[in-house]
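Listed below, chain by chain, are the residues.
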Amino acid sequence: MDPHVNAFLDAVSERHIRRLGPADYLAVQHLLQRRPDLSRDELRAALASLLATNRDQWRQMANLFDRFAAPLPEERRASISPDARPTWKSALHNLPHQWRLAGLMVVLGLALTLAVGLLLWQPQVQDSSDTSSPLPKTEQTTHETRWILREVTPAQTQTLDLPPQRRPWDYRDGWTITLAAVLVLLGLRWLMLPGMVVRSRRQQSEQRRQHVARERRRLAQQAERQHAPLALTYHVVRHAPMEATAVDDAATLLGRLFHTGLSDDLDVAATVRTSIDAGGRFVPVYAEFPVGRGFTVLVDTERGDSPWLLGIRWVLERWAALGVRFEVYEFQFDPQFVTAQATHTTSTFANLARRVRGEPLLVISRTLSTQGLQGWADWLDDIDAWPVKAWLDPDPRPLRERRREREEIGKLEQLGLRRFPFSPRGLRALARYFSEAGEGVTVPPWPDLPPLNNLQVAEGLRTWALLAALVPDASWDQLDAIRRYFPELVAVLPEPYHVQRLIEWVMREDGVRQAESENGRTLVLSDALVERLIREQRQRDAAKPKAQRLETRGRQLLLHQLDATPPQDELLRQLWEAKRVSHLLYLQPEQAMESLHELLDGAAGTEVLQAVEAELDREVMATVFEPGMRGRLSVLAGRAADRLRLMDLLGGSRRSWMLAVSATAMAIVGLLMAGIGFDAGSWLLILPPSGRDILVSPAVWQVDKIGRVIRDTLADGTLGPEMVVIPQGELMMGSPASEHRRDDDEIQHRVRITRPFAMGKYEVTFAEYDRFAEQTQREMPYDQRWGRGNRPVINVSWYDATAYAKWLSEQTGKRYRLPTEAEWEYAARAETSTAYSFGNDASQLQAYAWCGDVALDRTQPVDSLIPNPWGLYHMHGNVWEWVQDRYGQYDLDVSMPITWKTVASNATTAVVNPGGPPSGSLHVFRGGGWDSGAGSCRSASRNGGVPGYAYLIRGFRLLRHLD
């Protein structure tokens, strides 16, 4: 496999874009073997489509591919990637002057030996026992070159009797052989030097990688035994999410919640009245007094954290410190199950309702919904257990920006959940609402968020995102600390809740729907966005002194936060040092170099190497390092070309010497057998064949290249559809019993196609069919409002397809028709025996076929995605394709021999050019469509339909006869 592609695949796993397994590497290798002619852009799209599982991964892989496969810039042309082979120009440049002369002498010596030998060589009559005419080198009949060959005129030969020729041995021939052997041996060793350097470097790189992996595994196990923290933290001062006075005012109001209790003292007057009413029987009545009352708080922790969770916990902690009585329960998205914060015990919402019935309820969440797993959310059935209930919504967006949630919010408010904003005015209003038992309180308006389209706001968000990219896994409290540290950010984004606009900006720039990490703790920026922000900022600040640059100030802040919290655990310590080095490489490269060698061999070696490579790549846009520093870093990263040393020619492993000696021996034997010698000519007995056939005139061959595209000219001078040449051959039609998703009508049998043909490269398009319909005054098929042009024609019957083939035959003078079912499957399989033309893995189908969820519920342009090995597009998916045969069981085909119908499906007897059953009301369509699942898109999948019925999932492609 190409080393650039290998490096790209390793980077996909290392950057956690997607974890690749052996099946993915085999799929990529299969793609490269099948399509070695792909351009760089085509290969990038093919690899991203093959490996990505969603749109975000596709975009990240495409950007990452450019980094590993793009041509090297002029200023780095002397450097090569770690897996690249040194060029002869760089190798010769790094050789000492005397060794370059020695190498030149070796080459000249070999050339002189061959030249003199050729001059003294006596030509002999060729041994032509092979009477067939050889084909040109570009037209050899191998599997890779893929030609269709037809012998038109056979070769002609005649028999000649030739006497043998002899020459006695000469002592000088011994010196000739010895000198030639030494020169060839040294020449081979000299030629092998660049490869030896590459293998040595790869071996050292692999040893370092294995050492780093072992060291990291050892330290991770040690940290696990010691229960050490696994995450690297920055020292960040926590700030209040809002003004403390508002939180304190709310605490004062919440502290006045009371309910009536009974004391041990009798209420004398009430006791006398009650006893008289009871007919003189003593009925005691105790005096009442007010008792402080608490309330219940439900906090939505979502995936474990959120941008607002730290602020919410700060408010609750302050309320508790001020004496407010409440119990906190946590849940994730749906409060059907809640966990007590104090005891960590989990209970259902219904049990909680029975236990604290009558108390006020406060729900803090930004994702509440009335929808559960099976319709209506179960927890809403018990919401009436709390007579006073409120919803504190931390999402700062006004209702007009929350279109998807607007209906759900309305339903929840109708159930009695009053919604308050997480703001100073919102907290005060919430506290009044609880203290007045839910009466007479107006909900304040939501805070104003600055618009994204404002130029100053957009620039502030870009600056904030750049500083986050320097982390680059910034937590929410760290983002707030960065905002507070830079006055230019506070001026346009003064509030903590403005982080909502940062999240929206990152989502828009990255083209994703989610910019929060899976655990909700950090902001996620793609590698492409990180690189773009840093490179753009370096270009902006190129004219400024380094101390005044925004990146310098940001990295100094992050370095200060790191230096304040050095970890004690050894693994975290090395990761901490690696993170410090990533900032020092920009701030103080000389200081970073002091620890780079040691860190590269430690547990954090991978992170350090990535940081060095990233800085070297950014040098293309703006210079940070001095030339000497750049060279030293290139050597550390393995990018500098290795110098060829004086002893490399005579050194090396025993295996390399054995290879050179073996090659030398074979070369000398080849020279001697060819009758080439120095000075004295050949010393071997030359015995040309006697009484053997000698070629007189060669055979004449007709050559057609498989995959060659032909286009016929129509009567009006325009070009017809593109047709791909397909060879004759055999296939196992149908599917084996073990194939996943097979149907009973796919009985496997051997079929032989005895004549080559041309198959439509694409399905017939609307543009091609509309031209036929206009000229023949036929009705235009409906396109479902999906578009015409380059999309496959749909809503056509079998009769429409055959009429188009007949019209095209008349226009071109060539014979066009629908393919038989056997011809269609033979072209679809393209010499494969797997479920699909690319293998058995249905997860790769999205790179070759529009079907299922990938198809977006409609047809797609016919030239999209990857073709099969013979260059045919969408033999899987997009539209079902009519074929010529009637539908029926394979054994109804009269072209099949009777004996075959009585044997098992693995019979070796081949059916020749089958044409389907002779009768039947249905016709076959193959290949699956945009609405089909993976099973219907298999090469063997069959279906039948009424030939006169046109439908939006059916189209067709044509076959053209070559003779």
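Here's what I pulled together on the structure shown here. Residue numbers here run from 1 along each chain, matching the order of that chain's written sequence. For this predicted model, a pLDDT threshold of at least 70 governs which residues receive local features, and a threshold of 80 or more governs which side-chain atom pairs are given and counted, while totals over whole chains, interfaces and linings are taken from all residues. Each side-chain value is worked out from all heavy atoms of the structure, with water and hydrogens disregarded.

Overview of the sheet that holds strand 26 (residues 954-956)
Point 1. If you trace the four strands from one edge of the open sheet to the other, you get 25-24-22-26, paired in mixed fashion. Across the chains shown, the open sheet's two edge strands, defined by having one partner strand only, are strand 25 (942-945) and strand 26. Neighbouring strand axes in the sheet, compared pairwise and without regard to direction, differ in orientation by 50 degrees on average.
Point 2. Where strand 24 (residues 923-926) meets strand 25, four bridges bridge the pair, whose relative direction is antiparallel. At least two bridges found by DSSP between two strands is the condition for calling them paired. Under the scheme used here, helices are H or I runs from DSSP no shorter than 4 residues and strands are E runs no shorter than 2 residues, and both carry numbers assigned from the N terminus. To obtain an axis, a line is fitted to C-alpha atoms, over the contacting stretch when the element is a helix, and the angle between two such axes runs from 0 to 180 degrees between their N-to-C directions.

Points about the packing of helix 14 (residues 455-469) against helix 15 (residues 476-485)
Point 1. One can describe the packing of helix 14 onto helix 15 by two numbers: an axis separation of 10 Å at closest approach and a directional angle of 125 degrees. In terms of orientation, helix 14 and helix 15 fall into the oblique class. The two elements helix 14 and helix 15 meet at a crossing, and its hand is right-handed. Within the contact between the two elements, helix 14 uses W464, L467 and A468 and helix 15 uses L479, I482 and R483.
Point 2. Throughout, the ten residues Ala, Val, Leu, Ile, Met, Phe, Trp, Tyr, Cys and Pro are labelled nonpolar, Asp, Glu, Lys and Arg are labelled charged, and all others, Gly among them, are labelled polar. Residues of the contact of helix 14 with helix 15, tallied by class, amount to five nonpolar, no polar and one charged. Here the word oblique covers every angle except those under 35 degrees (roughly parallel), over 145 (roughly antiparallel) and from 65 to 115 (roughly perpendicular). Note on convention: the crossing is left-handed when the near helix lies turned anticlockwise from the far helix by less than a right angle, right-handed when the turn is clockwise. Contacts were defined at the residue level, with two residues in contact if any of their heavy atoms lie within 4.5 Å.

Details of the pattern of salt bridges
Point 1. In the sections that follow, a salt bridge refers to a side-chain nitrogen of Lys or Arg positioned within 4 Å of a carboxyl oxygen of Asp or Glu. The final tally for this structure, using the stated rule, is 53 salt bridges.
Point 2. A salt bridge links E408 to K411, with the nearest nitrogen and oxygen atoms 4.0 Å apart. With E408 and K411 both in helix 12 (residues 403-414) and three residues apart, this pair spans about one turn of that helix.
Point 3. Buried residues are those whose accessible area, probed at 1.4 Å on protein chains only, stays under 20% of the maximum for their type, while exposed residues exceed 50% and partly exposed ones sit between those limits. With a relative accessible area of 14%, E408 lands in the buried category.
Point 4. A salt bridge links E536 to R532; the shortest N-O distance between them is 3.5 Å. Note that E536 and R532 are positioned in helix 18 (residues 527-540) at a spacing of four residues, about one turn of the helix.

Quick look at empty space enclosed by the protein
Point 1. Here a cavity is any set of points on a 1 Å grid over the protein atoms alone where a 1.4 Å probe fits but cannot get out, and a pocket is any open set with protein on both sides within 12 Å along at least 5 of 7 lines; a residue lines the site when it has an atom within 4 Å of a point. Grid points are joined across faces, edges and corners, and a volume is the space filled by probe spheres set on the points. Tallied over the full model, the rule gives seven cavities of 30 Å³ or more.
Point 2. Surrounding the largest cavity, 23 residues form its lining, P241, P307, G311, D480 and P496 being those nearest its centre.
Point 3. For the lining of the largest cavity, the secondary structure elements donating two or more residues are helix 10 (309-321) and helix 15.
Point 4. Among the elements that line the lining of the largest cavity, the one with the most residues is helix 15, at six residues.
Point 5. Residues of the lining of the largest cavity, tallied by class, amount to 16 nonpolar, two polar and five charged.

Notes on the sheet that holds strand 23 (residues 911-912)
Point 1. Taken in spatial order, the three strands line up as 18-19-23 in an open sheet, and their pairing is mixed. The strands lining the two open edges of the sheet, one partner per strand, are strand 18 (729-733) and strand 23.
Point 2. Where strand 19 (residues 749-753) lies against strand 23, two bridges are found, and the strand directions are parallel. Residue pairing for strand 23: V751 is matched across the bridge by V911.
Point 3. Along the sheet, helix 27 (residues 821-829) contacts strand 18 and strand 19; its crossing angle with strand 18, the most-contacted strand, is approximately 95 degrees.

Some remarks on the nonpolar core
As a rule of thumb, nonpolar side chains are buried together in soluble globular proteins.
Point 1. The biggest cluster of nonpolar side chains holds 72 residues, and the ones touching the most others in it are W319, L362 and L523.
Point 2. Boundaries between domains were set according to an automatic or database domain assignment. Each of two domains, domain 2 (244-438) and domain 3 (455-634), supplies a minimum of three residues to this core.
Point 3. Other than its neighbours up to four places away in sequence, L523 contacts A468, P472, A474, W476, L479, L502, I503, V506 and A515. Remark: nonpolar core denotes a set of buried residues (Ala, Val, Leu, Ile, Met, Phe, Trp, Tyr, Cys) joined through side-chain atoms within 4.5 Å.

So, the pairing of strand 9 (residues 361-364)
Point 1. Burial of the side chains of strand 9 extends over both faces: L361 and V363 are buried on one face and L362 and I364 on the other.
Point 2. As defined by bridge partners, strand 5 (residues 295-300) adjoins strand 9 across four bridges and the pair is classed as parallel. Paired with T296 across the bridge in strand 9 is L361.
Point 3. Bridge count for strand 9 against strand 12 (residues 389-393) is four bridges, and the pairing is parallel. Bridge pairing in strand 12 links L361 to K389.

With respect to the packing of aromatic side chains
Point 1. To pair, rings of Phe, Tyr and Trp, with the six-membered ring standing in for Trp, must have centres within 6.5 Å; the planes then decide the type, stacked if under 30 degrees apart, edge-to-face if over 60, and tilted in the middle. Within the structure shown, the criterion is met by 23 aromatic pairs.
Point 2. Ring-pair connections join several aromatic residues into one group, and the members of that group are F295, F326, F420, Y433 and F434.
Point 3. Here R419 stacks its cationic end above the ring of W446, 4.0 Å away from the centre of that ring. Comment: the charge-over-ring label is applied if NZ (Lys) or CZ (Arg) is within 6 Å of the ring centre and within 35 degrees of the ring normal.

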